[in-house]
Amino acid sequence: MRIGILGAGFIGRAVAQLALAAGHEVMLSNSRGPHTLFSVSSGIRGVKVGTAEDAAKFGELVLVAIPLAHYRSVPAQWLEGKTVMDANNYYPDRDGHIPELDRFETTTSRLLAEHLPGANVVKVFNAILAPDLTKDARAQGSPDRRALPVAADDHAAKAQVIRLLDEIGFDAVDAGGLDESWRFERAKPAYCIPLDKAGLKAALAQAERQVEVFEEWRHN
Ligand SMILES: NC(=O)c1ccc[n+]([C@@H]2O[C@H](COP(=O)([O-])OP(=O)(O)OC[C@H]3O[C@@H](n4cnc5c(N)ncnc54)[C@H](OP(=O)(O)O)[C@@H]3O)[C@@H](O)[C@H]2O)c1
């Protein structure tokens, strides 16, 4: 499968490495252009680089892994009918305040989906630290395999992403539709905690819409 990735930062590069290892073709992109990605392409064997538009056109499956503040720059016209994986999180200190998110009225992935009306957006890869992606990936059936939460409105797109997760080393827990994806956004119990399927289901169930949990939760 051809996977186009918008964002060549920590998450984009980690997913690229895992997807290449699983036999997929991958193109990474950033906002400044492929001439700034020389060290990335020489550091990840087999990866292609291009503009964000190139990566959106290239991908049968596309990952958006950029600071949330820039989600409106994602080139919607090339993503019609495609599955778009959304790894973005909301950090007001980085992204500026987005009042609907501050009021818990919407989700980060619903904002992206509204910008990409023709695409099937799947929330995934937002609730794992980038270094853990390569560190925690395990073969199918491994007893210590980590599970990642996935949310989407389109069942076929969700199933496609769950298959990809399985290929690259992770179990999945279906957390529902995009409007339920707040259950694993920043500062919820399932956010960036290594958990197996049962533990992740419990953490998703514990989440409360307007309650944020912080670092100390992780040590309990
Ligand atoms: N780091 C983590 O552990 C982690 C974990 C889960 C989720 N996330 C989320 O995933 C997203 C990416 O995080 P990151 O840590 O990978 O970020 P990062 O290391 O800061 O990299 C961001 C990348 O996005 C590119 N970019 C910015 N605007 C763009 C645009 N309009 N079009 C195409 N590319 C663009 C940047 O390219 P330029 O430098 O050329 O602008 C850069 O390559 C964020 O929303 C973050 O909250 C991060």
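Placed above this text is the structure.
These numbers come from a predicted model, not from an experiment.

Overview of the pairing of strand E6 (residues 120–123)
Phase 1 of the analysis: Burial of the side chains of E6 extends over both faces: Asn120 and Val122 are buried on one face and Val121 and Lys123 on the other.
Phase 2 of the analysis: Here strand E5 (residues 83–86) pairs with E6 via four bridges, running parallel. When the bridges of E6 are listed, Val84 appears paired with Val121.
Phase 3 of the analysis: The pairing of E6 with strand E7 (residues 147–152) spans two bridges and is classified as antiparallel. Its bridge partner lying in E7, Val122 is registered against Ala152.

A closer look at the nonpolar core
Phase 1 of the analysis: Formed by 69 residues in total, the largest nonpolar core has its most connected members in Ile5, Leu6, Val64 and Met85.
Phase 2 of the analysis: No other element matches helix H1 (residues 10–21), which puts six residues into this core.
Phase 3 of the analysis: Filtering out sequence-adjacent residues up to four positions away, Ile5 remains in contact with Gly12, Val15, Ala16, Val26, Met27, Leu28, Ser29, Ala55, Leu63 and Ala65.

Some remarks on the environment of Lys135
Phase 1 of the analysis: When you line up the elements, Lys135 lands in helix H7 (residues 130–136).
Phase 2 of the analysis: Sequence-wise, Lys135 and Ala14 are 121 residues apart; in three dimensions their C-alpha atoms are separated by 10.0 Å.

Concerning unusual backbone geometry
Phase 1 of the analysis: Positive phi values are uncommon outside glycine, yet Phe104 reaches one of about 60°.
Phase 2 of the analysis: If you trace the backbone, Phe104 turns up in the loop between helix H5 (99–102) and helix H6 (108–115).
Phase 3 of the analysis: Phi at Phe125 is positive, roughly 70°, even though this residue is not glycine.
Phase 4 of the analysis: With respect to the element layout, Phe125 can be found in the loop between E6 and H7.

With respect to the sheet that holds strand E2 (residues 25–30)
Phase 1 of the analysis: Within the open sheet, the eight strands sit side by side as E3-E2-E1-E4-E5-E6-E7-E8. Their pairing is mixed. Only two strands of the sheet have a single neighbouring strand rather than two, namely strand E3 (48–51) and strand E8 (171–174). Each strand of the sheet is rotated relative to its neighbour by a mean of 30°, with strand direction disregarded.
Phase 2 of the analysis: Of the strands in this sheet, strand E1 (2–6), E2 and strand E4 (61–64) touch H1, which is tilted by about 170° from E2.
Phase 3 of the analysis: Against the sheet, helix H8 (residues 155–168) touches E4, E5, E6, E7 and E8, its axis set at about 165° to E7.

Details of the site of the ligand
Phase 1 of the analysis: Near the ligand you find 24 residues, and of these Gly7, Gly9, Asn30, Ser31 and Asn89 are the closest.
Phase 2 of the analysis: Looking at the shell around the ligand, the elements that each hand over two or more residues are H1 and E2.
Phase 3 of the analysis: Classifying every residue of the shell around the ligand by side-chain character gives 12 nonpolar, 11 polar and one charged.

How each quantity is defined
Throughout, a residue's number is its position along its own chain's written sequence, starting from 1. Per-residue local features of the predicted model are confined to residues with pLDDT of at least 70, and side-chain atom pairs are confined, for both listing and counting, to 80 or more; whole-chain, interface and lining totals are unaffected and use all residues. Counting other C-beta atoms within 10 Å of its own, a residue is labelled buried from 20 upward, exposed at 12 or fewer, and partly exposed in the gap between, with every C-beta atom placed from the backbone. Helix and strand definitions follow DSSP, with helices as H or I runs of at least four residues and strands as E runs of at least two, each counted in order from the N terminus. Here, any two strands with at least 2 DSSP bridges between them count as paired. By our criterion, buried Ala, Val, Leu, Ile, Met, Phe, Trp, Tyr and Cys residues that link up through C-beta atoms within 7 Å make up a nonpolar core. Working definition of a contact: two residues with C-beta atoms, positioned from the backbone, lying within 7 Å. To define axes, lines are fitted to C-alpha atoms, for helices over the stretch in contact only, and angles between the resulting N-to-C directions are given on a 0 to 180 degree scale. Using a C-beta atom placed from the backbone for every residue, we mark a residue as near a molecule or strand if that atom lies within 6 Å of it. Note that Gly is not counted as nonpolar here; it falls among the polar residues with everything else outside the nonpolar set of Ala, Val, Leu, Ile, Met, Phe, Trp, Tyr, Cys and Pro and the charged set of Asp, Glu, Lys and Arg.

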